[in-house]
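# Descriptive analysis of the structure
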Amino acid sequence: MFGKKSEQTSKRKQDRGIAVVATRIFTPEIAAAAFRENATAQALAEYRPTVVLTGQLGGTKKVETPKRGLKIKRAPVKRDKDGFVRGLFEYLSFDIPLFFRLFAQRNVKYVLFEPPFTTGLVVSTYSLLKRVPYIYYAADIVTEAQSDLLPKPIFKLVLLFQRYLLSQARLVLVINEDMRETALKMGAKRIEVVNNGIDTDQFTPPTGSLDPELAKQMGITGPYFIYAGTASDLQNAPIFGRALLSEPQLQDYQLLYLTQGNEQDQIDELGKQHPDRILVRGLQKPEVARELQGHAVAALASIKPGNGYDFAYPTKVYSAYACGSPVVFAGVGPAAVDIKRSDLGQAVEEFTAANIGQGMLAVAQRVADEKQSKQWREGIRNWVVENRSLKKTGQNAAAFIEKHCAE
């Protein structure tokens, strides 16, 4: 009886068409986009058969299907020297084959994609030719404030095409209210807000003390702050090292950088000049980063004001919360608002080393009280589970997509 019912349900789902997720990166790769698209794809599979068209992991040809109703199809892609699908040629190595891979799918109900714009070009062309709606997961929106990122003619072209993508999408998903306003001004018609989140099952508070061998490997000899993730000119991550060194009352504290990005040279130089206090160790496996975050005095994150990204919410903030760590956030925007509103750390809007150092000191003094620290960390963990669970994020995104695209 149950088998027959399940078979009928499966047939009804198949008759309704499949969902296609086009994304150059996908879990188990470590990136906000990979986490976000995986959570959404998992949730979409509850509504209809879902196919993920993504890039092949280094040297891996086959990946196990995560759950029933979800297929992950990988194809070779070009990666940069750090192993990322990042840069024009790397994007095109995914996007050109994607055009043909999309046409190979049958009975497509809709296609979900997110930046870069080259993927948008492929998906929108397919959508126009096949009359299949697309959903634009606009986790990043290029604005006039970022005009110095590219040569002016190229920037204008990117901006023009982005407006087209937003205006023609059946649905635009954004990650906060500020981005909703931006998308609306740029022509989007249907917009839903889906906050970013973190896998609160994977990122958890540590049990026990920091592993002595791991501490030795990292060079940790006492209390430390941690900066884990991308270090680009949008973050100005080296400012935290300068902040630590400039605050006399933090002379017994260290700063551990687990980073990659175009500011890495500056961070490496800080590490060479102050090897006992500025520890530079590169990106680590999730389980290692999780333990190091959980035992840190606080995690550090930033968005340099005035770069056109004040609306951004770094995923590294969520991972810290999930590990029960307070965050010292330098910058303005939604992350700063949450920290102040829900007592999740210290928000420093004055983007100077001196002010950031004072913010780091304030957290260090609070964490020094063991009883208060335990209660604070538990409250931070509970907040992210209740408000920013990645599973909930994916479910919300899938529900919005089905609401607007299932008819």
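Conventions adopted
- Residues numbered from 1 in each chain as written.
- Predicted model: local features only at pLDDT ≥ 70, side-chain atom pairs only at ≥ 80, totals over all residues.
- Heavy atoms only, no water.
- Helix = DSSP H or I, 4+ residues; strand = E, 2+ residues; numbered from the N terminus.
- Rg over C-alpha atoms; globule rule 2.2 N^0.38 Å.
- Buried < 20%, exposed > 50% of the residue type's maximum accessible area, 1.4 Å probe, protein only.
- Contact = heavy atoms within 4.5 Å.
- Areas by Shrake-Rupley, 256 points an atom, 1.4 Å probe, with all protein chains shown as cover.
- Lys, Arg positive; Asp, Glu negative; His and termini not counted.
- Charge placed at Lys NZ, Arg CZ, Asp CG, Glu CD.
- Domains from an automatic or database assignment.
- Buried area = accessible area lost by both parts, 1.4 Å probe.
- Nonpolar A, V, L, I, M, F, W, Y, C, P; charged D, E, K, R; others polar.
- Pairing = 2+ DSSP bridges.
- Axes fitted to C-alpha atoms, helices over the stretch in contact; angles between N-to-C directions.
- Expected span 1.5 Å × (residues − 1).
- Phe/Tyr/Trp six-rings, centres within 6.5 Å; stacked < 30°, edge-to-face > 60°.
- Lys NZ or Arg CZ within 6 Å of the ring centre and 35° of its normal.

Going by an unreviewed UniProt entry, the protein carries the name Glycosyltransferase subfamily 4-like N-terminal domain-containing protein and comes from Boudabousia liubingyangii.

### A word on the overall build of the protein
Check the secondary structure of the protein and you find 15 helices and 13 strands. The C-alpha atoms of the protein give a radius of gyration of 22 Å, which matches the 22 Å a tight globule of 407 residues would have. Each principal axis of the C-alpha atoms in the protein carries an extent, and together these give about 65 × 60 × 40 Å. In the protein, buried positions account for 54% of the 407 residues. Considering only residue pairs separated by 6 or more positions, the protein has 67% of its internal contacts joining residues 24 or more positions apart. Accessible surface for the protein amounts to roughly 19100 Å². Of this, 52% is attributable to carbon and sulfur atoms. Put simply, the protein has 53 plus and 43 minus side-chain charges, and the middle of one group is 10 Å from the middle of the other.

### Quick look at the domain arrangement of the protein
Taken as a whole, the protein is organised into domain 1 (16-197 + 389-406) and domain 2 (212-388). Spacing between the C-alpha centres of domain 1 and domain 2 amounts to 29 Å. Listed per partner, the contact involves 20 residues of domain 1 and 17 residues of domain 2. Between domain 1 and domain 2 lies a buried interface of about 1400 Å² when both sides are counted; carbon and sulfur atoms form 54% of it. For the side of domain 1 that touches domain 2, the per-class residue count stands at eight nonpolar, seven polar and five charged.

### Regarding the sheet that holds strand β7 (residues 191-193)
The seven strands are arranged β3-β2-β1-β4-β5-β6-β7 in an open sheet whose pairing can be described as parallel. Of all strands in the sheet, those bounded by a partner on one side alone are β3 (70-75) and β7. Sheet twist, expressed as the average angle between the axes of neighbouring strands with direction ignored, equals 20°. Where strand β4 (residues 108-113) meets strand β5 (residues 134-137), three bridges bridge the pair, whose relative direction is parallel. Across the sheet, F113 pairs through a bridge with Y136, a residue of β5. Where helix α4 (residues 117-130) meets the sheet, it contacts β1 (18-22), β4 and β5, and its direction lies at approximately 165° from that of β4. Of the strands in this sheet, β4, β5, β6 (171-174) and β7 touch helix α15 (residues 390-405), which is tilted by about 165° from β6.

### Some details on the side chain of D80
Its place among the elements puts D80 in the loop between β3 and α3 (88-103). According to the relative accessible area criterion, D80 is buried, its value standing at 18%. Non-local contacts of D80, meaning those with residues more than four positions away in its chain, are made with R86 and E90.

### Some remarks on helix α2 (residues 32-44)
Between its terminal C-alpha atoms α2 stretches 18 Å, which fits the 18 Å expected from 13 residues at 1.5 Å a residue. Those residues of α2 that sit buried are A33, A34, F35, R36, E37, N38, A39, T40, A41, Q42, A43 and L44.

### Things to note about the sheet that holds strand β12 (residues 327-330)
Working definition: the strands of a sheet are paired by backbone hydrogen bonds and lie parallel or antiparallel to each other. One open sheet holds the six strands; their spatial order is β10-β9-β8-β11-β12-β13, and the pairing between them is parallel. In this open sheet, the two edge strands, each paired with only one partner strand, are β10 (278-280) and β13 (345-348). Averaged over all pairs of adjacent strands, the angle between strand axes in this sheet comes to 20°, irrespective of strand direction. Examined bridge by bridge, β12 and β13 share four bridges and lie parallel to one another. Across the sheet, the residue bridging to F329 is A347, located in β13. Across the sheet, helix α13 (residues 353-367) touches β8 (224-230), β11 (298-302), β12 and β13, and the angle it forms with β13 is around 170°.

### Some details on the packing of aromatic side chains
Think of a pair of aromatic rings as described by two things: how far the centres are apart, and how the planes are tilted against each other in angle. Per the stated rule, a full pass over the model turns up eleven aromatic pairs. Seen in terms of ring centroids, F225 and Y253 are 5.8 Å apart; in terms of plane orientation they differ by 40°. Their pairing is tilted. Of the two residues, F225 is situated in strand β8 and Y253 in the loop between α8 (238-246) and β9 (254-260); the sequence distance between them amounts to 28 residues. Since its relative accessible area comes to 0%, F225 is described here as buried. Ring pairing ties together the aromatic residues F99, F100, F103 and Y126, which thus form one cluster. Sitting over the face of the ring of Y137, R36 holds its NZ or CZ atom 5.5 Å from the ring centroid. The ring of W376 has R366 lying over it, and the distance from NZ or CZ to the ring centre is 3.8 Å.

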